[in-house]
Amino acid sequence: TYQPVREYHVVVLGAGGVGKSCLTAQFVHNEWIESYDPTIEDSYRTQVTVDGRQVVLEILDTAGTDQFVAMRDLFLKSGQGFLLVFSIASRSSFDELATLREEILRIKDDDTVPIVMVGNKADLEDQRAVDRARAFGVSRSWNAPYYESSARTRTNVDEVFIDLCRQLCRREDKL
Ligand code: GDP
Ligand code: MG
């Protein structure tokens with residue numbers, strides 16, 4: 001039977017410097033680039049296969065420039081799934097996620113929005129500032145899966161995007 005190609009809008013959110021651009025580039029282009037302009041916000045289209053189904057992801061790599069509040073509301077509204085990224089080496093980046101999540105829930109007026117929590121820079125274990133069990137606990141209370149990733153070593157990069165994509169597919173299947 002013919003299945004139209006699905007398309008989902010995914011938004012990558014998190015504090016500056018946690019590795020949003022590196023994660024996105026690893027996923028979309030399979031490349032590690034040491035440094036990106038932290039102010040650049042861009043979107044990427046990529047096709048993936050999830051459980052035998054072709055899905056196009058439109059990924060917005062945000063740059064958290066707060067001066068455009070209206071635009072921020074707009075992309076939160078148009079986003080269907082969200083990666084909430086922090087760095088395991090930065091406690092403040094972890095604390096910021098709660099606010100981001102509240103913003104998403106407020107704008108979307110829906111507490112079942114697909115979200116994946118990502119503790120990036122897992123290769124920096126010796127600089128860990130966020131306890132794994134604690135992060136896991138928070139993710140569970142949000143009903144979101146938790147992964148520790150490394151854009152540098154390309155660990156769990158595909159997994160976080162695919163998990164989100166799978167959540168989006170299941171949600172649509174249920175509608
Ligand atoms: P963004 O502001 O969230 O988009 O962060 P970037 O993707 O620009 O990355 C910020 C800095 O963190 C850069 O210097 C990257 O090289 C570094 N970085 C990103 N991901 C990782 C990672 O998984 N491990 C390590 N060690 N460094 C990373
Ligand atoms: Mg960036």
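Calculation criteria
- Residues numbered from 1 in each chain as written.
- Chains lettered and ligands numbered in written order.
- Predicted model: local features only at pLDDT ≥ 70, side-chain atom pairs only at ≥ 80, totals over all residues.
- Heavy atoms only, no water.
- Helix = DSSP H or I, 4+ residues; strand = E, 2+ residues; numbered from the N terminus.
- Expected span 1.5 Å × (residues − 1).
- Buried < 20%, exposed > 50% of the residue type's maximum accessible area, 1.4 Å probe, protein only.
- Pairing = 2+ DSSP bridges.
- Right-handed = clockwise from strand over helix to strand, strands pointing away.
- Contact = heavy atoms within 4.5 Å.
- Core = buried A, V, L, I, M, F, W, Y, C linked by side-chain atoms within 4.5 Å.
- Salt bridge = Lys/Arg side-chain N within 4 Å of Asp/Glu carboxyl O.
- Phe/Tyr/Trp six-rings, centres within 6.5 Å; stacked < 30°, edge-to-face > 60°.

As annotated in an unreviewed UniProt entry, the protein chain is Ras-related protein rsr1 from Podospora pseudopauciseta.

In this section: helix H5 (residues 157–174). Residues three or four positions apart in an α-helix share a direction because the helix packs 3.6 residues into each turn. For H5, with 18 residues, the first-to-last C-alpha span of 27 Å sits near the 26 Å given by 1.5 Å per residue. What H5 keeps buried is the set Val157, Val160, Phe161, Asp163, Leu164, Cys165, Leu168 and Cys169.

Before going further, it helps to spend a moment on the pairing of strand E4 (residues 81–87). Among the seven residues in E4, seven count as buried, and that is most of the element. Across the two faces of E4 the burial is the same, with Gly81, Leu83, Val85 and Ser87 and Phe82, Leu84 and Phe86 all buried. Here five bridges tie strand E1 (residues 6–14) to E4, and the two strands are oriented parallel to one another. By the bridge assignment, valine 10 is partnered in E4 with glycine 81. Once you follow E4 into helix H3 (residues 91–108) and on to strand E5 (residues 115–120), the crossover reads as right-handed.

Turning to the side chain of asparagine 120, a few remarks are in order. Inspection of the secondary structure puts asparagine 120 in strand E5. With sequence-adjacent residues up to four places away left out, asparagine 120 is seen in contact with Val18, Gly19, Leu23, Val85, Phe86, Ser87, Ile88, Ser149, Ser150 and Ala151.

Right, let's talk about the nonpolar core for a bit. Soluble globular proteins tend to pack their nonpolar side chains together in the buried interior. Grouped together as the largest cluster of nonpolar side chains are 27 residues, with contacts concentrated most on Phe27, Leu57, Ile59 and Leu83. Of all the secondary structure elements, the ones that give two or more residues to this core are E1, helix H1 (20–29), strand E2 (42–50), strand E3 (53–61), E4, E5 and H5. Tallying contributions element by element places H5 first for this core, with seven residues. Apart from residues lying up to four places away in sequence, phenylalanine 27 is in contact with Thr46, Val48, Leu57, Ile59, Arg154, Val157, Asp158 and Phe161. With 23 residues, the next largest nonpolar core counts Leu13, Phe86, Phe94 and Ala144 among its residues.

What follows concerns the pattern of salt bridges. Counted according to the given criterion, the structure contains 12 salt bridges. The salt bridge involving aspartate 51 is made with arginine 166; its shortest N-O contact spans 3.0 Å. Linking aspartate 51 in the loop between E2 and E3 with arginine 166 in helix H5, this pair joins segments that are 115 residues apart in sequence. What makes arginine 166 partly exposed here is its relative accessible area of 26%. Residues joined in a network through salt bridges with shared partners are Glu125, Arg128, Arg132 and Glu148.

Attention now goes to the packing of aromatic side chains. Here the structure, examined in full by the defined rule, presents three aromatic pairs. Residues phenylalanine 86 and phenylalanine 94 carry aromatic rings whose centres are separated by 4.9 Å and whose planes lie at 65° to one another, so their mutual orientation is edge-to-face. Relative accessible area serves as the criterion here: at 0%, phenylalanine 86 is assigned to the buried category. Where phenylalanine 86 meets tyrosine 146, the ring centres are 6.1 Å apart and the plane angle is 5°; that geometry is what we call stacked. Residue phenylalanine 86 is found in strand E4, and its partner tyrosine 146 is found in strand E6 (residues 146–148); the two are separated by 60 residues along the sequence. Among the aromatic residues, ring-to-ring pairing joins Phe86, Phe94 and Tyr146 into one connected group.

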